[in-house]
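What follows is each chain in one-letter form.
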Amino acid sequence: MSDDALFEFLCRMGDNTLVLGHRVSEWCGHAPVLEEDIALANTALDLIGQTQMWLGLAGEIEGKGRSADDLAMRRDVWDFRNILLVEQPNGDFGQTMMRQFLFDLWHLEMLKALSGSSHDRVAAIAAKSVKEVQYHVERSGDTVIGLGDGTSESHRRMQAALDLLWPYVGEMFVPDHIDAQMSEAGIAPDPGELRATYDARLAEVMTEATLTIPDSGFAHKGGKSGMRHSEHLGHMLTQMQWLQRAYPDATW
Amino acid sequence: MYAQMVKSEATQEDPEKLATFQARIDAGEKIEPKDWMPAGYRKTLIRQIGQHAHSEIVGQLPEGNWITRAPTLERKAILLAKVQDEAGHGLYLYCAAETLGVSRDELTEMLLDGRMKYSSIFNYPTLTWADMGAVGWLVDGAAIMNQVPLQRTSFGPYSRAMIRICKEESFHQRQGYDIMMKMARGTPEQKRMAQDALNRFWYPSLMMFGPSDKDSVHSAQSMAWKIKMNTNDELRQKFVDQTVPQAEYLGLTVPDETLTWNEEKGGYDFAEPDWKEFFEVIQGNGPCNTERLAARNKAWDDGKWVRDGLLAHAEKRSMRKIAAE
Ligand SMILES: [Fe+2]
Ligand SMILES: [Fe+2]
């Protein structure tokens, strides 16, 4: 296993939390009820904290003196390694919570596996994050159930959200050469192995939510490899990175 | 302040009951929701606590404006946590108001259709990152001036909410000042941003305390009831005296050429803000009134299907539970 591959893997973990944390933070002050404003901020805060740990370690492994902030604020779209799902726009509250649940469910399984990583630092970050994400998935799952099995309008919106986001689920489970190196070294699981647990839990929640999982195995790809992100990521970076780019000599 | 120009209600009630009530307040006792209280006391408090709560909620917007542009991960987390605290303050205060017999939804509707106000300060725009410093330093700073004494207010739930809130507000102020420090000691552009933020937020911060005492007709009753603890001018003076040395330490210039130390009174003489501008802002003509209310209305309207959906689900669940028993 090369340090390059580990760096790549850590960027994937950190960019997922960075990009999703940013998306969730866009809700601040605009949520449907005060309790949701507070809860969304909590989720965003957890994800930003996890980003600091993953990208911080990535910078150390890379060994070129780049900090977590450098990685977050000074890379362009093609260097981002997050999956396409998390860069999708918020849409309505239902779409945001559906995206959250589809990610959280994968995230939890991934972190559980990473807690037993052969790499101590990776295991430590995962162990710390897993408690937070356990809570995220409970919350997003409850919300998906509540809105899916709510009024006819909320049901319709949640089904539309699931249909829209479903093609972005597959990317989380498709292994590539980086994953192969990671699993060979015992650092991370083969993502394909997470799918069965994911599907089982997903089916339970969607049944309770009275929602229908689309009958399609199609998956968009290109986020985690960095090959082809969606157009949305670039716009996000124009905001997120603006100050650092406009005033490169400043410290904040 | 977060509650400005709260009209206090005259009260016509049994003089004996009123006297006993006033005696309890004078003795420093707390009035609790189940206790007898004059109708005017209740109405004034609902107005004041409601306005304070609305200010916390609308106050999320000017700072929320910079969360997605925060320059580092740490700054982003700190700002997000701060705005989250403000939402929490709104929640405590709505709960305190609810003990007086008005629901959160009723209060929200009154904010959204303009029957109730929020602090004038949140109708000013946040234009650079230094504004995140200025808001914490000056706006939270001014809020603390008012809220620290309100910890001793006569109404129990309000007093307890203030005690919780004050702890967090002083943290906010320190963080704001920390941003200002970084900016004021930073590159020439950062210094310029810091000075510009102070220029724009100085007078609006002074307005937070409300009009001068000589023009403030509602103070006396509220002060007797210990709903208002200090006069507007007292608090404004205290704020200026505290803030000027902090500005000097930052190497920034307070935008007031008349500012001078007055040895005799042991405080600064300073220029009054433009009260015409203040009344315009209160009337809805501040730079951001339209956007702030539109944003809150949009959040509420767009969120209706969510609130309805979750409620419908909760009802279905309890029905199913009853059916199963
Ligand atoms: Fe507050
Ligand atoms: Fe605050």
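Here the structure is a predicted model, which means the values were calculated and not measured.

**So, the packing of helix 6 (residues 130-150) of chain B against helix 10 (residues 232-250) of chain B**
Residue and element names in this part refer to chain B.
- Packing of helix 6 against helix 10 leaves a shortest axis separation of 10 Å and a crossing angle of 145°. When the axes of helix 6 and helix 10 are compared, the crossing they make is right-handed. Within the contact between the two elements, helix 6 uses W137, L138, G141, A142, M145 and N146 and helix 10 uses L235, K238, F239, Q242, T243, Q246, A247 and L250.

**Examining the coordination of the iron ion (ligand 2)**
Residue and element names in this part refer to chain B.
- Within the protein, the iron ion (ligand 2) binds to E86 (OE), D140 (OD), E169 (OE) and H172 (ND1); these donor distances fall in the range 1.9 to 2.2 Å.
- Of note is the iron ion (ligand 2), whose four donor atoms meet at the metal with angles of 86 to 157° in an arrangement that counts as irregular.
- Going along the chain, you hit the donors of the iron ion (ligand 2) in the pattern E-x53-D-x28-E-x2-H.
- Taken as a pair, the iron ion (ligand 2) and the iron ion (ligand 1) show a spacing of 3.4 Å, with E86 coordinating each metal. Of this pair, E86 sits in helix 4 (residues 73-98) while E169 sits in helix 7 (residues 156-184); the two residues are 83 residues apart in sequence, bridging distant segments of the chain.
- Judged by its relative accessible area of 3%, E86 falls in the buried class.

**So, the interface of chain B and chain A**
- Listed by partner, the interface residues are 47 residues for chain B and 49 residues for chain A.
- For the pair chain B and chain A, the two sides together bury roughly 4,000 Å², of which 68% comes from carbon and sulfur.
- For the pair chain B and chain A, the number of links is three salt bridges.
- The residue R104(B) makes a salt bridge to E35(A) at a minimum N-O spacing of 2.5 Å.
- Our count for the contact surface shared by chain B and chain A stands at 15 residue pairs in polar contact (both at pLDDT 80 or more).
- With 14 residues, helix 4 of chain B is the single largest residue contributor to the side of chain B that touches chain A.
- Partitioned by chemical class, the residues of the side of chain B that touches chain A number 24 nonpolar, 11 polar and 12 charged.

**Quick word on the side chain of T143(A)**
- Take T143(A): it is sitting in helix 6 (residues 120-148).
- Residue T143(A) is classed as buried on the basis of its relative accessible area of 6%.
- If near-sequence neighbours (up to four positions away) are discounted, T143(A) is found in contact with F93(A), M97(A) and L310(B).

**Quick word on helix 10 of chain B**
Residue and element names in this part refer to chain B.
- The end-to-end C-alpha distance of helix 10, which contains 19 residues, comes to 27 Å, matching closely the 27 Å that a straight helix rising 1.5 Å per residue would cover.
- All buried positions along helix 10 are accounted for by N232, L235, R236, Q237, F239, V240, T243, V244, A247 and L250.
- Where helix 10 is buried, its residues touch helix 6, helix 7, helix 8 (188-207), strand 2 (267-269) and helix 11 (275-285).
- Looking one or two residues beyond helix 10, the residue adopting positive phi is G251, at roughly 75°.

**Quick word on the nonpolar core**
- Core analysis: the biggest nonpolar cluster contains 142 residues, and M98(A), L114(A) and W129(B) have the highest contact counts within it.
- Broken down by element, this core gets its largest block of residues, 12 residues, from helix 5 (residues 93-114) of chain A.
- If you look at the next biggest cluster of nonpolar residues, it comprises 32 residues, including L34(A), I25(B), L100(B) and Y158(B).

About the thresholds
Residues numbered from 1 in each chain as written. Chains lettered and ligands numbered in written order. Predicted model: local features only at pLDDT ≥ 70, side-chain atom pairs only at ≥ 80, totals over all residues. Heavy atoms only, no water. Axes fitted to C-alpha atoms, helices over the stretch in contact; angles between N-to-C directions. Helix = DSSP H or I, 4+ residues; strand = E, 2+ residues; numbered from the N terminus. Left-handed = near helix turned anticlockwise from the far one by under 90°. Contact = heavy atoms within 4.5 Å. Donors = N, O, S within 2.8 Å, 3.2 Å for Na, K, Ca; no water. Tetrahedral: all angles 85-135°; square planar, octahedral: opposite > 155°, others 65-115°. Buried < 20%, exposed > 50% of the residue type's maximum accessible area, 1.4 Å probe, protein only. Buried area = accessible area lost by both parts, 1.4 Å probe. Salt bridge = Lys/Arg side-chain N within 4 Å of Asp/Glu carboxyl O. Polar contact = N/O pair within 3.5 Å; in protein donor to acceptor, adjacent residues only side chain to side chain. Nonpolar A, V, L, I, M, F, W, Y, C, P; charged D, E, K, R; others polar. Expected span 1.5 Å × (residues − 1). Core = buried A, V, L, I, M, F, W, Y, C linked by side-chain atoms within 4.5 Å.

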